[in-house]
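Summary of structural features
One-letter residues, chain by chain:
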Amino acid sequence: MTHIRRRLLSLVLLSFLPITHVFAQTSVPFAHASTVLDLSAEEHAQRQAQETALTPVGYQLNAMKPSILADFYIHLLGMHLVEADEAADYYALGNAAGEILLEIFPATAPRTSQTSGLYHGAFLFDSEVEFGTTLAHLLENKAPMHGYSDHGFSKAAYLGDIEGNSIEIYLDTPTGSWQIDEFGYTQGGNEALDITPYLLQRSQDVTGFGEGVTMGHFHLSVNNIEESEWFYGEVLGLAQSSAPTSDTAFFATGDYHHYLGTNSWTSEHAPAPSAGLQGLRATIWQASSSDDIAYIMEQLDAGDISYEENDQELSLLDNSGLSVIIRK
């Protein structure tokens, strides 16, 4: 099949998608009017210090209707069912390699008011074809899309699930194109993204999350930014990767743009979620070595922060009362 014929067929495909979504170039109302902190070079360096090499590997949700929510992620988003215990209403979903990226548990109470919690969970694609095919499938099935953004370091689409949890799917741009400021922070943008070039790459060979789809990052609604900077920077040993502001802080390890975003836009001083409440149950991180675990435990003990440990993981609560699991 010639390239021209493929493109003509793709244009025919686009004609069947919801026109308001196909050519949408909507940026997400993501970048609020945050005030960048006026810090000294030494203060910037302290925030950028990295003590561990944690990476995000998955997260857990409490759901009012776990099986129906699992169906949403499987049939609409394209995740694969990796494990299930229907009697316990437990579902583990992931990529084609069987790596678990999302676990769903039964909630004991509905979410009725603002608490700290999940802003969005973000799945990283390594293929424009898979990204575009997933977008086309979402649009065809009238998924609740929130918008599309070019952040400079990534191209992202946002949507919500049927229980009010927000989701990001995204592609990274080449690292050589990322903008770095004078202090060494990665600079992001929030420009409108035209998704048509990705939809044109739709392939019938893509049948859900491929082996290369991974947990890209978490973004949390926290109740105090300064305390989140202390917890994720000092206690967990992550480096701040974007310029600190009055209501946001972004963290990473290595040279990545961010493995964790935090904001207090709608959650400043909000209470922690009660155990079993609908929504975020836990974020899950992977330690790179025993040194990571030793450092974190030393910080937890020094700060008199309670935690649980077994042979496989550490479990604790962050400063906003959100559960954090660190696998050894």
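The structure contained in this document is the topic of the report that follows. (Residues numbered from 1 in each chain as written. Predicted model: local features only at pLDDT ≥ 70, side-chain atom pairs only at ≥ 80, totals over all residues. Heavy atoms only, no water.)

Here we look at the nonpolar core
Judged by nonpolar contacts, the single largest core of 75 residues is most densely connected at Tyr59, Tyr73, Phe123, Leu135, Leu236 and Ile326. In terms of residue count, helix α4 (residues 66-77) provides more of this core than any other element does, six residues in total. (Core = buried A, V, L, I, M, F, W, Y, C linked by side-chain atoms within 4.5 Å. Buried < 20%, exposed > 50% of the residue type's maximum accessible area, 1.4 Å probe, protein only. Helix = DSSP H or I, 4+ residues; strand = E, 2+ residues; numbered from the N terminus.)

Some words on the pattern of salt bridges
Summed over all chains, the structure comprises four salt bridges. In this structure, the salt-bridge partner of Lys328 is Glu309, at a minimum N-O distance of 2.6 Å. In this pair, Lys328 sits in the segment after β19 (323-327) while Glu309 sits in strand β17 (residues 307-309), placing the two residues 19 residues apart along the sequence. The class for Lys328 is partly exposed, based on a relative accessible area of 39%. (Salt bridge = Lys/Arg side-chain N within 4 Å of Asp/Glu carboxyl O.)

Some thoughts on the environment of Glu308
By the element assignment, Glu308 lies in strand β17. Sequence separation between Glu308 and Ile325 is 17 residues, and the spatial gap between their C-alpha atoms is 9.6 Å.

Things to note about the sheet that holds β19
Remark on secondary structure: sheet strands pair via backbone hydrogen bonds, oriented parallel or antiparallel. The strand order across the open sheet formed by eight strands is β2-β3-β4-β1-β16-β19-β18-β17, and the pairing between neighbours is mixed. Strands at the two margins of the open sheet, each flanked by one partner only, are β2 (80-85) and β17. Taking each pair of neighbouring strands and ignoring which way they run, the sheet shows an average axis angle of 20 degrees. As judged from the four bridges shared by strand β16 (residues 279-286) and β19, these two strands associate in the parallel manner. Across the sheet, Ile284 pairs through a bridge with Ile325, a residue of β19. Most of the contacts of α4 go to strand β4 (residues 100-106), to which it runs at about 155 degrees, and overall it touches β1 (55-63), β2, β3 (90-94) and β4. (Pairing = 2+ DSSP bridges. Axes fitted to C-alpha atoms, helices over the stretch in contact; angles between N-to-C directions. Contact = heavy atoms within 4.5 Å.)

With respect to the pairing of strand β8 (residues 166-172)
Here β8 lies mainly inside the structure; five of its seven residues are buried. As paired strands, strand β5 (residues 117-125) and β8 are joined by five bridges and run parallel to one another. Counterpart to Phe123 in the pairing with β8 is Ile169. Pairing of strand β7 (residues 154-160) with β8, which is carried by seven bridges, proceeds in the antiparallel orientation. Within β8, the position partnered with Ser154 by the bridge is Asp172.

What about unusual backbone geometry?
Non-glycine residue Lys142 carries a positive phi angle of around 55 degrees. Within the element layout of this structure, Lys142 appears in the loop between α5 (128-140) and β6 (145-150). Of note, His269 is a non-glycine position whose phi angle comes to about 65 degrees, a positive value. Within the secondary structure layout, His269 lies in the loop between β15 (260-263) and β16.

Re the sheet that holds strand β13 (residues 239-240)
Taken in spatial order, the nine strands of this open sheet run β11-β6-β7-β8-β5-β12-β15-β14-β13, and their pairing is mixed. What marks the edges here is a single partner per strand, and that holds for β11 (191-192) and β13. Judged from the seven bridges that link them, β5 and strand β12 (residues 214-221) form a sheet pairing that is antiparallel. Paired with Leu118 across the bridge in β12 is Leu220. Relative to the sheet, α4 contacts β5, β7 and β8, its axis offset from that of β8 by approximately 35 degrees. Sitting on the sheet, α5 is in contact with β5, β6, β7 and β8, with an inclination near 150 degrees to β8.

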